[in-house]
Amino acid sequence: MSTENLPHSPEQPSRKPRVAVVFGGRSSEHGISVVTAGAVLKAIDRTKYDVLPIGITVDGRWALTADEPERMAITDRRTPSVAELAESNEGGVVLPVDPANREVVYSEPGSVPKALGEVDVVFPVLHGPYGEDGTLQGLLELSGVPYVGSGVLASAVGQDKEYMKRIFTSYGLKVGPYLVIRPREWARDESAARKKIVDFAGEHGWPLFVKPARAGSSIGITKVDDLSGLDEAIAEAQAHDPKILVEAALRGREIECGVLEFEDGPRASVPAEIPPPDAHAYYDFEAKYIDSTPGVVPAPLTEEQTAEVRRLAVEAFEATSCEGLVRADFFLTEDDEFVINEINTMPGFTPISMYPQMWQASGISYPELVDRLVQAALRRSTGLR
């Protein structure tokens, strides 16, 4: 009797686990997601995993892409796109919304759909809305496919800076002064909404930081030094998200810390410090990714400060029910107090990004980091947990 089609136990798989690396997406962080995917594809152990790269175009089409990491790098100060890597301008990849069937199908107009095989785990390296915010995670939960990173709620909270801060506050983590302007509030009475911001500046002083409430990679953020720059800053933030966040400037050092899920629970990396970039007003998109402003790893902190920021990073991870990985960003104020700014549930993950650098300094190489994240996802079930 042939055993070819009989089910195999998880302990003795008949093949290597297949990892679908999903990247790109509809957010303004599309290009950085492609760069991140290139680094992951280059680092993942091909002797241990089969890999299926799937790109999501800026208009939302799931495309089968070339497995060519060298084409997924920043060149001439320009980020790559999924459209440049897609094998077809029309073909689409479909994940079945059926927990009993993990087979991915590729189809093109006028052609018979082609089965690409089962996917055992998804490594979503999307940044921003429509990927990092719980939307993709919800799809994967419906499909019954394990995935790297946080679940639906934690991903949504990690994307929405307002509710992230509300949860931090409820757990006793200190956050800086902030103000939220929702789209209905702005549409109802622009003058009143603008006055709230001006009153906020009167209470906390200039400069202010005006930013999209649900974006990352420092995209859409403006440092506003006085009233004259406020309208332009609001328009820039609203170009990326109709809900905006206004933060008071905090005087202090920028400190980051990585959290990684181990078999026995989350642990924190050594922290890093982001020094003020010479050519930029603050640590913006170009400073991070184009000019690659270097961070200081490990951060020059006392033993007590290092222990405290690592403790707070894990506490933030737990407070928001995160899984897999998180980068937690803090300010160390002039009063020697750590104030949490935000977390990223899928932080920048290129080799020059701070999250991998902090774990490299903690003794975990980039390829090992990728492997640990995939293994953590394979250990978890989908659904309520």
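Relevant structure appears above.
An account of the accompanying structure is given in this report. Every value quoted in this text rests on a predicted model; they were computed, and no experiment measured them. (Residues numbered from 1 in each chain as written. Predicted model: local features only at pLDDT ≥ 70, side-chain atom pairs only at ≥ 80, totals over all residues. Heavy atoms only, no water.)

**Looking at the overall build of the protein**
So, step 1. Broken down by element type, the protein carries 12 helices and 16 strands.
So, step 2. Since a compact globule built from 385 residues should have a radius of gyration of about 21 Å, the 21 Å found for the protein is in line with a globular shape.
So, step 3. Its C-alpha atoms give the protein principal-axis dimensions of about 80 × 50 × 40 Å.
So, step 4. Buried residues in the protein amount to 55% of all 385 residues. (Helix = DSSP H or I, 4+ residues; strand = E, 2+ residues; numbered from the N terminus. Rg over C-alpha atoms; globule rule 2.2 N^0.38 Å. Buried < 20%, exposed > 50% of the residue type's maximum accessible area, 1.4 Å probe, protein only.)

**Brief notes about the side chain of D133**
So, step 1. Mapped onto the fold, D133 is located in the loop between β7 (121-124) and α3 (135-143).
So, step 2. There is a polar contact of 3.1 Å between the side chain of D133 and the backbone nitrogen of Y130.
So, step 3. A polar contact of 2.6 Å, which involves the side chain of D133, links it to the side chain of T135.
So, step 4. If we ignore the near neighbours within four places in the chain, the residues touching D133 are G128, S155, A156 and Q159. (Polar contact = N/O pair within 3.5 Å; in protein donor to acceptor, adjacent residues only side chain to side chain. Contact = heavy atoms within 4.5 Å.)

**Here we look at the sheet that holds strand β10 (residues 222-224)**
So, step 1. Pairing is antiparallel in the open sheet, where 4 strands are placed in the order β8-β11-β9-β10. Each having just a single partner strand, β8 (178-181) and β10 make up the two edges of the open sheet. Neighbour-to-neighbour, the strand axes of the sheet open up by a mean angle of 25°, direction not taken into account.
So, step 2. Both strand β9 (residues 208-212) and strand β11 (residues 244-248) contribute to a ladder of 5 bridges, which runs antiparallel. (Pairing = 2+ DSSP bridges. Axes fitted to C-alpha atoms, helices over the stretch in contact; angles between N-to-C directions.)

**A few points about the pattern of salt bridges**
So, step 1. According to the stated counting rule, one finds 31 salt bridges in the structure shown.
So, step 2. Between E68 and R71 there is a salt bridge whose closest N-O contact spans 3.0 Å.
So, step 3. For E141, the salt bridge identified is with R385, shortest N-O distance 3.0 Å. Here E141 is found in helix α3, whereas its partner R385 is found in the segment after α12 (366-379), with 244 residues between them in sequence.
So, step 4. Overall, the relative accessible area of 46% leaves R385 in the partly exposed class.
So, step 5. What you see here is one network of salt bridges that share partners, running through E141, E261, E323, R380 and R385. (Salt bridge = Lys/Arg side-chain N within 4 Å of Asp/Glu carboxyl O.)

**Some words on the packing of helix α7 (residues 190-204) against helix α8 (residues 230-238)**
The description of two helices packed together rests on the angle between their axes and the distance between the axes.
So, step 1. At a minimum axis separation of 12 Å, α7 and α8 run at an interaxial angle of 115°. In terms of orientation, α7 and α8 fall into the roughly perpendicular class. Where α7 crosses over α8, the handedness of that crossing is right-handed. Contacts between α7 and α8 involve R194, I197 and V198 from the former and L230, D231 and I234 from the latter.
So, step 2. Looking at the contact of α7 with α8 residue by residue, the classes come out as 4 nonpolar, no polar and 2 charged. (Parallel < 35°, antiparallel > 145°, perpendicular 65-115°, else oblique. Left-handed = near helix turned anticlockwise from the far one by under 90°. Nonpolar A, V, L, I, M, F, W, Y, C, P; charged D, E, K, R; others polar.)

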